[in-house]
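Descriptive structure summary
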Amino acid sequence: MLQVSFIRENRDFVIERLGVKNFSEAESKVDKVISLDNERRTKQTELDNIKAEANRLAKEIGMLFKQGKAAEAEELKARTAECKVQEKELGEQFAKVEAELKDLLLSIPNLPNQAVPRGKSAEDNEIVYEEGVIPELHAGAVEHWTLCSKYDIIDFELGNKITGAGFPVYKSQGAKLQRALINFFLDEAGKSGFTEVQPPLMVNEASALATGQLPDKEGQMYSVPLDGFYMIPTAEVPVTNIFRDTIQKQSNLPIACCAYSQCFRREAGSYGKDVRGLNRLHQFDKVEIVCIDTPEHSYEQLEMMKNHVAGLLRKLELPFRILRLCGGDMSFTSAITYDFEVYSAAQKRWLEVSSVSNFETYQSNRLKLRYKDENNKTQLAHTLNGSALALPRIVAALLENHQFESGIRIPKALQAYFGAETIF
RNA sequence: GGAAAGUUGGCAGAGUGGUCGAAUGCGGCGGUCUUGAAAACCGUUGAUCUUCACGGGUCCGGGGGUUCGAAUCCCUCACUUUCCGCCA
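This one's a predicted model, so the numbers in the text were calculated from it and none came from an experiment.

About the thresholds
Residues numbered from 1 in each chain as written. Chains lettered and ligands numbered in written order. Predicted model: local features only at pLDDT ≥ 70, side-chain atom pairs only at ≥ 80, totals over all residues. Heavy atoms only, no water. Helix = DSSP H or I, 4+ residues; strand = E, 2+ residues; numbered from the N terminus. Buried < 20%, exposed > 50% of the residue type's maximum accessible area, 1.4 Å probe, protein only. Salt bridge = Lys/Arg side-chain N within 4 Å of Asp/Glu carboxyl O. Pairing = 2+ DSSP bridges. Contact = heavy atoms within 4.5 Å. Near = heavy atom within 4 Å. Polar contact = N/O pair within 3.5 Å; in protein donor to acceptor, adjacent residues only side chain to side chain. Phe/Tyr/Trp six-rings, centres within 6.5 Å; stacked < 30°, edge-to-face > 60°. Lys NZ or Arg CZ within 6 Å of the ring centre and 35° of its normal. Axes fitted to C-alpha atoms, helices over the stretch in contact; angles between N-to-C directions. Parallel < 35°, antiparallel > 145°, perpendicular 65-115°, else oblique. Left-handed = near helix turned anticlockwise from the far one by under 90°. Domains from an automatic or database assignment. Buried area = accessible area lost by both parts, 1.4 Å probe. Nonpolar A, V, L, I, M, F, W, Y, C, P; charged D, E, K, R; others polar.

Here we take up the environment of Ser331. Summarising the element assignment, Ser331 is placed in the loop between strand 11 (320-324) and strand 12 (336-344). Looking at Ser331, the relative accessible area reads 28%, which means it is partly exposed.

Right, let's get into unusual backbone geometry. Of note, the amide linkage connecting Leu253 to Pro254 takes the cis form, showing an omega dihedral of 0°. You can see Pro254 is positioned in the loop between strand 8 (246-249) and strand 9 (255-264). At the junction of Ala388 and Leu389, the peptide bond is cis and its omega measures out at 0° in the coordinates. With respect to the helices and strands, Leu389 occurs in strand 16 (residues 382-390). At Asn22, a position not held by glycine, the phi torsion is positive, near 55°.

So, on to the pattern of salt bridges. All told, the structure shown has 25 salt bridges when counted by the stated rule. A cluster of three or more residues bridged by salt bridges with shared partners is formed by Arg8, Asp37, Arg40 and Arg41.

With that settled, consider the sheet that holds strand 7 (residues 229-231). With antiparallel pairing, three strands are arranged side by side in an open sheet as 5-7-6. Only two strands of the sheet have a single neighbouring strand rather than two, namely strand 5 (202-204) and strand 6 (223-224). As defined by bridge partners, strand 6 adjoins strand 7 across two bridges and the pair is classed as antiparallel. Note that in strand 7 the partner of Ser223 across the bridge is Tyr230.

Bringing the side chain of Lys306 into the picture now. Note on placement: Lys306 falls in helix 10 (residues 298-315). Setting aside anything within four residues of it in sequence, one finds Lys306 in contact with Tyr338, Phe340 and Val356.

So, about the protein's contact with RNA strand B. Close to RNA strand B lie 19 residues; Arg41, Gln44, Ala58, Lys66 and Lys372 are nearest. Restricting attention to atoms of RNA strand B within 4 Å of the protein, one finds that 66% of them are sugar or phosphate atoms. Between RNA strand B and Arg40, the relevant distance is 3.2 Å, taken from a sugar or linking oxygen to a side-chain nitrogen or oxygen of the residue. Here Lys372 contributes a side-chain N or O atom positioned 2.4 Å from a phosphate oxygen of RNA strand B. Those elements giving two or more residues to the surface near RNA strand B turn out to be helix 3 (26-66), helix 4 (70-106) and strand 14 (369-372).

Scanning the model with the defined rule gives eight aromatic pairs in all. Ring geometry for Phe184 versus Phe185: centroids 5.7 Å apart, planes at 50°, classification tilted. Relative to Trp350, the ring of Tyr343 lies with its centre 5.1 Å away and its plane at 70°, an arrangement referred to as edge-to-face. We classify Tyr343 as buried; its relative accessible area is 14%. Across from the ring centre of Tyr338, 3.7 Å away, lies the NZ or CZ of Lys306, which sits over that ring.

The next subject is the packing of helix 7 (residues 173-191) against helix 10. Remark: helix 7 packs on helix 10, axes separated minimally by 11 Å, with the N-to-C direction vectors making an angle of 135°. Taken as axis vectors, helix 7 and helix 10 run oblique relative to one another. Where helix 7 crosses over helix 10, the handedness of that crossing is right-handed. Contacts between helix 7 and helix 10 involve Phe184, Phe185, Glu188 and Ala189 from the former and His308, Leu312 and Lys315 from the latter.

Considered domain by domain, chain A is made up of domain 1 (4-106) and domain 2 (122-423). One C-alpha centre belongs to domain 1, the other to domain 2, and the line joining them spans 43 Å. Taken together, the contact between domain 1 and domain 2 spans five residues of the former and 10 residues of the latter. When domain 1 packs against domain 2, the two sides together hide about 540 Å² of surface, and 54% of this comes from carbon and sulfur. It is Val20, Lys21 and Leu106 in domain 1 that bury the most area against domain 2; as a group they hold 81% of the surface buried on that side. For the pair domain 1 and domain 2, the interface holds zero salt bridges. Run the count over domain 1 and domain 2 and you get three residue pairs in polar contact (both at pLDDT 80 or more). In terms of residue class, the side of domain 1 that touches domain 2 is built from three nonpolar, one polar and one charged.

Quick look at the structure:
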């Protein structure tokens, strides 16, 4: 969440930036934050004074008892009663204001970076880079879902029976392709300097809140109410939370981690052809990269992450483009997001396969993730993450783009992992 | 799942109702000494809110309670360890 001190000192700027995200109640909410904060600080001062007085009296009473002056002590005790009444009342008021302020702050999204274009929807995203050649497919070329059943590598029907729509069963060479991609992505991340971790696939409420899934996206996560857990929608959640409530040494930065995990998303509200085949699943595999750095260097880190993702797509021989998301299409918590899309030649459409973002201090303020700068002052760090990569749409594009009459070609970089040059 | 014992600063570990944000040791940082280093010695070393500042408040796993006063007593939740049970 945003820092109150920043909002206080940059009211107009904050309102202007929130406007880029098409956040409608920007002005009223920002002003409400400022007034609640003023109230909070006034209450705190009053409360502190009363507590100071009560502490002073308590010490005095202690001294008097030690000196055997019980009568005088009793006299002072009577006075503390008054303090207690006031303390209780003010304490309740203070807690109420503080809670209200916190809820309000949680409802305000991150500010978009200056580079973020204005816009309402995906239509307004800015294409900043394109690479690769869109392949000419042979006459009988088909979409990946047809290829999946033709070669019997991914069974959507079977998944329907066992669980429901969006939980496919990967079979034989399909399962092997999954493993190949996961290992390929992890090895490549290792080469780029990311340290591998294997996080839990369920997180508690505090973790989901810290990275911003709660309260914003509660309905998008599968939950386990009996234990108060949530199935992770991305490894970003557990991996970033490794660093919750920590103060890093500046010499430890940048931190760069990668993690393979399965991801679980309810995708409530999705429908139509977008959900066909591998385009949108409830359970899928992804290798995530997470970075933590100082505000001075986080944008260098973002470039590094983008280059890493571009390198993966290049090695998979897939045509791709990079979009800079407009304010209206960005996530609640992001300051800037670059989406990577690959062209799916049989579906004849671009598929989002990666999203690389800098959250600046928005997540770290919730996480209480800080570092000591060169002056030994505690500062909020910047957090970044990206997919490198999510499997299903990569598989869709691989199958479609590399298909030929009697099989599917496996890109060179993947052959050693897959153990064959083709699927047939 | 049952039983017991625990949770204190970066770490180890004292502290069972008052002057305790907290002994001591280790580690860290600064210094003396040294050609340099080690050793020794001296000093320093938690976080957070508020204030221009002085100062004040809060934090001993989380939450609540008792008391004039709680790290210390009570309740509750979480976690850890050990034993038993179950089990990949």
